[in-house]
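Listed here are the chains, written in short residue letters.
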Amino acid sequence: MKETSGSIPISTKLERIAKLARDAPGMAFTTLAHHIDIDWLHEAYRRTRKDGAVGVDRQTAEQYAANLEGNLRSLLDRAKAGTYRAPPVRRVHIPKGNGGETRPIGIPTFEDKVLQRTVAMVLEAVYEQDFCSCSYGFRPRRSAHQALDALWHYAMEMQGGWILEIDIRKFFDVLDHHHLREFLRRRVLDGVLLRLIGKWLSAGVLEVGGIVYPETGSPQGGVISPILANIFLHEVLDTWFDHAVRPRLSGEAQMVRYADDAVLLFANETDARKVFDVLPKRFGKYGLTLHPEKTRLVEFRRPMRYLPRGENRQRKPGTFDLLGFTHHWGVSRYGNWVVKRRTAKDRFRRSVKRVEDWCREHLHDDVRSQWQALVWKLRGHYGYFGITGNFAALSRFLHAVKRLWRKWLDRRSHSARMSWERMLRLLGRFPLPAPRIARPFLPTSSKPVI
């Protein structure tokens, strides 16, 4: 029996694309859209979150699923024929946790999310063969904790060094469309895919007061945006560092990047300062700007063990943040210098504020419902921040949650105040989970993912 497109499993199609990309690293694909059929859209639908916020059309995933087959077939026909019109994204602003700044988040319609996931699956199959091992953000089988473990491994192996923190100012807002299209065409020349990506880049943004049409950027929150961001920074930073920078350095250097957050580690101060000086020019060439205060050079050398007390204090190494953790040198239980990690102050404050906002909004919910929600919040916090060496920060967070819960329960009634004595009895009935190290350190896990 002859094999048809619809009879081939999606995993097989993805592997075929990936093998072609691996075997021909310099080839630009002219035909990729023919892989996309109704089964591909069903898989994209399956991978799309169903509980996300609604877009400008206010259509939920449940409403879309009421006529799923018809909706997906219509979507496929419009995408292939070129008649699909990308709707505007609904923009909301969320706090960044560093003062009064906010982060703009673009929310596509549910149908747009499905189609963006469809195209992202194709791009992922191609570009996963090209992306460098230093890149961890929004990639399959890679995570923030793997990025943190890789950085820990490099820092321990090199006994520290000089850290260059990179902070790109409003990266998703200023991403240059011309350069992005140029980068895409090096690997993808399929007209259907390029046309769809162009429509998403040109789609309007609905804000208070009307629709605006930005000339740069890709909405942070869009399904397609992470892969486009990785393609852009792969060319601007990753390959440049690997092929142009590293061979010219006199000492060892490593990089870890998670989306638009990156940290470079240098064994040699001279190398670090050279890259620090040239970095703004490199990014400026592609329309990007580095944050003048957050992009900084930090001395992060391992402390010397036998220096006099006063001199050792003067040479205390600096600290730096990555992915919600502050990295610093500390002494292990065996008396050795090791790189330790604790919850960053701004992330801790942001997490506490979210709990307080939730307690305020749900002030009059019944106690059992509040308790169940707080249990889930604590378990989620422990799941990410519960790494070896961070137990004290977890304990502080638990204490903050208890304090805030009591504070807002106390405001439910003027006649029945919630004293700490009553609160302790309540916690006996509704205990909050104790801090736990969800991700204990294992020597094998510290090796970087290649």
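One can find the structure itself at the top, above this paragraph.
Caption draft 1: Quick look at the overall build of the protein chain. The helix and strand inventory of the protein chain stands at 16 helices and eleven strands. For the protein chain, whose C-alpha radius of gyration is 25 Å, the value lies close to the compact-globule estimate of 22 Å for 450 residues. Taking the principal axes of its C-alpha atoms as reference, the protein chain extends roughly 70 × 70 × 50 Å. The buried share of the protein chain, reckoned over its 450 residues, is 48%. Taking as baseline every contact in the protein chain between residues at least 6 positions apart, the subset at least 24 positions apart corresponds to 72%. Per element, the accessible surface of the protein chain, about 23,100 Å² overall, is 52% carbon and sulfur.

Caption draft 2: Expanded view of the environment of His 177. Positionally, His 177 belongs in helix H8 (residues 177-185). For His 177, a relative accessible area of 8% gives the class buried. In sequence terms His 177 and Leu 323 are 146 residues apart; their C-alpha atoms lie 27 Å from each other. Contacts of His 177, omitting those with residues within four sequence positions, involve Leu 201, Pro 214, Glu 215, Thr 216 and Gly 217.

Caption draft 3: Structural view of the sheet that holds strand S5 (residues 210-212). If you trace the four strands from one edge of the open sheet to the other, you get S2-S1-S4-S5, paired in mixed fashion. The open sheet has two free edges, formed respectively by strand S2 (102-107) and S5, since each of these has just one partner strand. On average, adjacent strands in this sheet sit at an angle of 40 degrees to one another, irrespective of strand direction. One ladder, built from two bridges, connects strand S1 (residues 89-95) with strand S4 (residues 205-207); its direction is parallel. Each residue of the ladder has a partner; that of Val 89, found in S4, is Val 205.

Caption draft 4: The arrangement of the packing of aromatic side chains in detail. Using the criterion set out here, one finds 15 aromatic pairs in the structure. Here Phe 183 and Phe 232 contribute two aromatic rings whose centre-to-centre distance is 5.3 Å and whose plane-to-plane angle is 65 degrees, an arrangement assigned as edge-to-face. Within this pair, whereas Phe 183 is found in helix H8, its partner Phe 232 is found in helix H10 (residues 225-245), the two being separated by 49 residues in sequence. Each member of the pair Phe 183 and Phe 232 is classed as buried. Here the aromatic residues Phe 171, Phe 172, Phe 183, Phe 232 and Tyr 286 are joined through ring pairs into a cluster of three or more. Here Arg 142 stacks its cationic end above the ring of Tyr 136, 4.7 Å away from the centre of that ring.

Caption draft 5: Layout of the pattern of salt bridges. Counted according to the given criterion, the structure contains 24 salt bridges. Linking Arg 187 and Asp 130 is a salt bridge whose minimum nitrogen-to-oxygen distance equals 2.7 Å. One end of the pair, Arg 187, is in the loop between H8 and helix H9 (191-202); the other, Asp 130, is in the loop between helix H5 (110-127) and helix H6 (144-157), with 57 residues separating them in the sequence. On the accessibility criterion, Arg 187 (4% relative accessible area) is buried. The closest approach of N and O atoms between Lys 353 and Asp 357, which form a salt bridge, is 3.0 Å. One end of the pair is Lys 353 and the other is Asp 357, both in helix H13 (residues 345-361) and four residues apart, which spans about a single turn.

Caption draft 6: Inspection of the pairing of strand S6 (residues 253-258) at higher detail. Among the six residues that make up S6, six are buried, leaving the element largely enclosed by the rest of the structure. The alternating pattern of S6 places Ala 253, Met 255 and Arg 257 on one face and Gln 254, Val 256 and Tyr 258 on the opposite face, and all of these are buried. Where S6 and strand S7 (residues 261-266) come together, six bridges link them in antiparallel fashion. The residue bridging Ala 253 from the neighbouring strand is Phe 266, located in S7. Between S6 and S7, which pair antiparallel and follow one another directly, the connecting turn spans two residues, one of which, Ala 259, has a positive phi of 55 degrees.

Caption draft 7: Inspection of H6 at higher detail. Taking 1.5 Å as the rise per residue, H6 with 14 residues should run 20 Å; its terminal C-alpha atoms sit 20 Å apart, in good agreement. In terms of burial, H6 is largely enclosed, as eleven of its 14 residues are buried. Of the positions making up H6, those classed as buried are Ala 144, His 145, Ala 147, Leu 148, Asp 149, Ala 150, Leu 151, Trp 152, His 153, Tyr 154 and Ala 155. Downstream of H6 by a residue or two, Gln 159 has a phi angle that is positive, lying close to 55 degrees.

Caption draft 8: Seen up close, unusual backbone geometry. Backbone geometry places Arg 58, a non-glycine residue, at a positive phi of 60 degrees. With respect to the helices, strands and loops of the structure, Arg 58 is situated in the loop between helix H2 (38-47) and helix H3 (61-65). Take Arg 58: its relative accessible area is 51%, and that puts it in the exposed class. The phi torsion at Ala 259 lies on the positive side, around 55 degrees, for a residue other than glycine.

Caption draft 9: Spotlight on the sheet that holds strand S11 (residues 337-343). The three strands lie next to each other as S9-S10-S11, forming an open sheet whose pairing is antiparallel. One side of each edge strand has no neighbouring strand; the edge strands of this open sheet are strand S9 (320-322) and S11. Neighbour-to-neighbour, the strand axes of this sheet turn through a mean angle of 45 degrees, independent of strand direction. The pairing of strand S10 (residues 325-331) with S11 spans seven bridges and is classified as antiparallel. Residue pairing across strands places Thr 326 opposite Arg 342, the latter belonging to S11. Of the strands in this sheet, S9, S10 and S11 are in contact with H6, which crosses S11 at around 150 degrees.

Caption draft 10: Representation of helix H16 (residues 420-429) within the structure. Among the residues making up H16, those that are buried are Met 423, Leu 426 and Leu 427. Seen from one end, H16 has its buried residues packed into an arc of 100 degrees, which puts them on one side. Exposed side of H16, more than 90 degrees from the buried face: Glu 421, Leu 424, Arg 425, Gly 428 and Arg 429 are the residues found there. Packing partners of the buried residues in H16 comprise helix H14 (367-385) and helix H15 (391-410).

Criteria and cut-off values
- Residues numbered from 1 in each chain as written.
- Predicted model: local features only at pLDDT ≥ 70, side-chain atom pairs only at ≥ 80, totals over all residues.
- Heavy atoms only, no water.
- Helix = DSSP H or I, 4+ residues; strand = E, 2+ residues; numbered from the N terminus.
- Rg over C-alpha atoms; globule rule 2.2 N^0.38 Å.
- Buried < 20%, exposed > 50% of the residue type's maximum accessible area, 1.4 Å probe, protein only.
- Contact = heavy atoms within 4.5 Å.
- Areas by Shrake-Rupley, 256 points an atom, 1.4 Å probe, with all protein chains shown as cover.
- Pairing = 2+ DSSP bridges.
- Axes fitted to C-alpha atoms, helices over the stretch in contact; angles between N-to-C directions.
- Phe/Tyr/Trp six-rings, centres within 6.5 Å; stacked < 30°, edge-to-face > 60°.
- Lys NZ or Arg CZ within 6 Å of the ring centre and 35° of its normal.
- Salt bridge = Lys/Arg side-chain N within 4 Å of Asp/Glu carboxyl O.
- Expected span 1.5 Å × (residues − 1).
- Arc of directions from axis to C-beta.

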